[in-house]
Every structure is written in C-alpha cells, then in structure tokens.
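# Tertiary structure, described
Below are the chains, spelled out letter by letter.
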Amino acid sequence: MTAKVLSWRRLRERLDVRQQKLLAEYEALRAQCPHHDLTYRRGGSSGNWDRADDSYWIDWRCMDCEKRWTTEQTEEAVFQYPQAKEVRSWT
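Below is a summary of the structure that appears in this document. (Residues numbered from 1 in each chain as written. Predicted model: local features only at pLDDT ≥ 70, side-chain atom pairs only at ≥ 80, totals over all residues. Heavy atoms only, no water.)

## Quick word on the pattern of salt bridges
- All told, the structure shown has five salt bridges when counted by the stated rule.
- Residue Glu-27 pairs with Arg-30 through a salt bridge whose shortest N-O separation is 3.7 Å. Pair noted here: Glu-27 and Arg-30 are both in helix H1 (residues 3-31), with a separation of three residues, about one helical turn.
- The class of Glu-27 is partly exposed, set by a relative accessible area of 41%. (Salt bridge = Lys/Arg side-chain N within 4 Å of Asp/Glu carboxyl O. Helix = DSSP H or I, 4+ residues; strand = E, 2+ residues; numbered from the N terminus. Buried < 20%, exposed > 50% of the residue type's maximum accessible area, 1.4 Å probe, protein only.)

## Digging into the nonpolar core
- Core analysis: the largest hydrophobic core is formed by 12 residues, namely Cys-33, Leu-38, Tyr-40, Ile-58, Trp-60, Cys-62, Cys-65, Trp-69, Ala-77, Val-78, Tyr-81 and Ala-84.
- At the level of elements, strand E1 (38-45), strand E2 (55-62) and helix H2 (75-80) are the ones that each hand at least two residues to this core.
- When residues of this core are assigned to their parent elements, the largest contribution, three residues, is made by E2.
- In this structure Ala-84 touches Leu-38, Tyr-40 and Trp-60, once residues within four positions along its chain are discounted. (Core = buried A, V, L, I, M, F, W, Y, C linked by side-chain atoms within 4.5 Å. Contact = heavy atoms within 4.5 Å.)

## Considering the sheet that holds strand E4 (residues 85-86)
- Spatially, four strands are ordered E3-E2-E1-E4 in an open sheet, and the strand pairing comes out mixed. The sheet terminates laterally at strand E3 (68-72) and E4, the two strands that pair on one side only.
- Pairing analysis gives two bridges linking E1 to E4, with the strands arranged parallel. When the bridges of E4 are listed, Thr-39 appears paired with Lys-85. (Pairing = 2+ DSSP bridges.)

## A look at the packing of aromatic side chains
- Scanning all chains against the criterion turns up four aromatic pairs.
- Pairing Tyr-40 with Trp-60 gives two aromatic rings, centres 5.2 Å apart and planes at 40°, and the pair type is tilted. Within this pair, whereas Tyr-40 is found in strand E1, its partner Trp-60 is found in strand E2, the two being separated by 20 residues in sequence. In terms of burial, Tyr-40 and Trp-60 fall into one category: buried.
- Three or more aromatic residues link up through ring pairs in this structure, and these residues are Tyr-40, Trp-60, Trp-69 and Tyr-81. (Phe/Tyr/Trp six-rings, centres within 6.5 Å; stacked < 30°, edge-to-face > 60°.)

Next comes the structure, spelled out in structure tokens:
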C-alpha cells in the first residue's frame, strides 16, 4: 500500500476515536436532561382477531435534548412527567 493510503487510514482512525469520545460526552449530557420541554403522542394497534395481540404505547420526544423513547401506554407513565404536553402529530 502506498504511504498516502496508510496516512488516510490513520487519519480516519483518529477521527473515529474522537467521534466516539464526543458521542460519549453527548450521551452523558443527554442523560442529565430534566426533559422540561417534553411532548408525547399516544399510539396503538387494535382490532386484531385476538385481543391479546392489541398493544398501546406512548412515544415521547424531548425538545431540549432531542431524546426519543417509547413506553407502554399507562397513566403512571404520563404522571411521571407532569410537564409533558400531549400532541396529535409531530409537526
């Protein structure tokens, strides 16, 4: 291999290491977010021939840290974040 290809690979490897460190810092910062600007949307899949296959969930989205996650649709989940606002769609 040529020296140019080897130096390119080393540069890419160094950038990959830096990227991983930045992602770890970003995730640590995101984990500390209190989710003050939080919205949620209820979803579900019903009408199945077997009612045991029906499912209901809540999609959460924090506008501060841009975290998105899904939980089962229970009132306890909504009470966990009293400041959250329910939305019909993600506009």
